[in-house]
Each structure stands twice: as C-alpha cells, then as structure tokens.
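# Observations on the model geometry
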Amino acid sequence: GLIFKSMQKQVDSIIVGGGLAGVLMAWELIKKGKKVMVFNSQALPSSSQVAAGTWNPIAFKQFCLSWRAEEMLAEMDLVYPELEKLLSAKFYQKTKVKKVISEQNEINLWNKQALDETMQHFLVEKLEAKNDGFLAEIKQCGRVDLPLFLADFHQYLKNENSWAEEEFSYRDLH
C-alpha cells in the first residue's frame, strides 16, 4: 500500500480527480475491498462540473450505435441503481430522445437503420411527421444528475475518510 506523510493513512490506490471517472473508479475499487484516497482540487477545472450528464447510444451522423454502447448501457444499468441505493438518492433517469430530421438522405438512412435487427432496441421505426420534417425517436437514452450524484458520492468518500480536498502531490508518497 501507499502511505501519505500528511495523513498517515495507508491506501491501495490513489485517484486524482473527483469527477465522474474518478468516483466511478473509486466505487469499483471499494467494492473489491480496496482502500482508496481520492484527491480533488477545486482550483483545477473538471469537465464533470459542466457536463449535462446525458447519454445517447446513437451516433447521429450515421444513425448507428456508438462504440461499445451496448456494453456501457448494461454496466450503467448495474452500477447506477447500486449507487442510488447506497446513497439513498435518485439521480439515474432513462428517457427517450427525439431528433428532427428533414433531409431526404437522413430520412432514408433512418428508415434503413431502424429496420436493422441490431438497431431495433435503439431506434423507433416509425417517424413522427412535423411541420419541417420528422421526429426520429431514439430509445435507451437518459441522464445522470451529475451535481447531485457527485455531491452525494463525495460526501460518502468524506465519511469513509477517503477524500482529500487538495491538489495531489507526488512528494507526499513514501
């Protein structure tokens, strides 16, 4: 394990950054019985603080699945409900997304992709007519309320004495 001079705490893993990736990594390690310390400096920018928290499994340009979308969705369906239970909070919401398509080539591509067997769990075949085109519906989209989730998980880490609100310094390792 690693020991911090200033804290006199031995840990198995150091995680630098308390954004979405950092806290999810911390959770996976904690579940495996590992002791972690997450360092998070408010002075450093974090994309998790400005991210909308939405996900969509479809790459809009080609109406095809994003890379590893099915694997990621399956993992999200396991991890986020588990974290909601741990934190006694509701921050994981599934929804549908509708995209306006009006160009004929987009309409043709949508119609082709929606019939593909691998896409039927993600694309609604029937387009909804609107004034300037059509609404195409995408399933298995959603949102994580990142400010709520991060605040609650940061508090969990503080309660576990696994949170340091400071910039990480390699000099403090020994």
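These figures come from a predicted structure and were not determined experimentally. (Residues numbered from 1 in each chain as written. Predicted model: local features only at pLDDT ≥ 70, side-chain atom pairs only at ≥ 80, totals over all residues. Heavy atoms only, no water.)

## Describing helix α3 (residues 104-115)
End to end, α3 covers 17 Å across 12 residues, agreeing with the expected 16 Å (1.5 Å per residue, within 8%). Among all positions of α3, only I107, W110, Q113 and A114 are buried. Down the axis of α3, the sector holding all buried residues measures 135°, keeping them to one side. Away from its buried face, by an angle of more than 90 degrees, α3 presents the exposed residues Q104, N105, K112 and L115. Contacts from the buried residues of α3 go to β7 (64-65), β8 (92-101) and β10 (133-144). (Helix = DSSP H or I, 4+ residues; strand = E, 2+ residues; numbered from the N terminus. Expected span 1.5 Å × (residues − 1). Buried < 20%, exposed > 50% of the residue type's maximum accessible area, 1.4 Å probe, protein only. Arc of directions from axis to C-beta. Contact = heavy atoms within 4.5 Å.)

## A few points about the nonpolar core
One finds F91, W110, F149 and F153 to be the most contacted residues of the largest nonpolar core, which totals 38 residues. Of all the secondary structure elements, the ones that give two or more residues to this core are α1 (20-31), β4 (36-39), α2 (69-87), β8, α3, β10 and α4 (146-159). When sequence neighbours within four positions are dropped, the list of residues in contact with W110 reads F63, I101, L123, V124, E125, L127, A136, E137 and I138. (Core = buried A, V, L, I, M, F, W, Y, C linked by side-chain atoms within 4.5 Å.)

## Digging into unusual backbone geometry
Unlike most non-glycine residues, R68 shows phi in positive territory, near 60°. Overall, the relative accessible area of 35% leaves R68 in the partly exposed class. A positive phi angle, close to 55°, is found at N161, a residue other than glycine. Relative to the assigned elements, N161 resides in the loop between α4 and β11 (163-164).

## Here we look at the pattern of salt bridges
Evaluation of the coordinates by the stated rule reveals 9 salt bridges. E28 is the salt-bridge partner of K31, the closest N and O atoms lying 3.2 Å from each other. Of this pair, K31 and E28 both sit in helix α1, 3 residues apart, which is roughly one turn of that helix. Two residues, K94 and D77, come together in a salt bridge whose shortest N-O distance is 2.8 Å. With K94 in strand β8 and D77 in helix α2, this pair connects stretches of sequence that are 17 residues apart. Exposure remark for K94: the relative accessible area of 51% places this residue in the exposed category. (Salt bridge = Lys/Arg side-chain N within 4 Å of Asp/Glu carboxyl O.)

## Brief notes about the packing of aromatic side chains
Applying the stated criterion to the full structure yields 11 aromatic pairs. Considering the side-chain rings of W55 and Y92, the 5.3 Å spacing of their centres and the 15° angle between planes classify their relative orientation as stacked. With a gap of 37 residues between them, W55 in strand β5 (residues 54-55) and Y92 in strand β8 connect regions that are remote in the sequence. Comparing W55 with Y92, the two get one shared label, buried. Taking 6.0 Å as the distance between ring centres and 40° as the angle between the ring planes, the aromatic pair formed by F149 and F153 counts as tilted. Here F149 pairs with F153, and both are found in helix α4, just 4 residues apart, close to one helical turn. On the accessibility criterion, F149 (0% relative accessible area) is buried. Classification of F153 by relative accessible area gives buried; the value is 0%. Directly above the ring of F60 sits K99, whose terminal nitrogen or CZ lies 5.0 Å from the centroid. (Phe/Tyr/Trp six-rings, centres within 6.5 Å; stacked < 30°, edge-to-face > 60°. Lys NZ or Arg CZ within 6 Å of the ring centre and 35° of its normal.)

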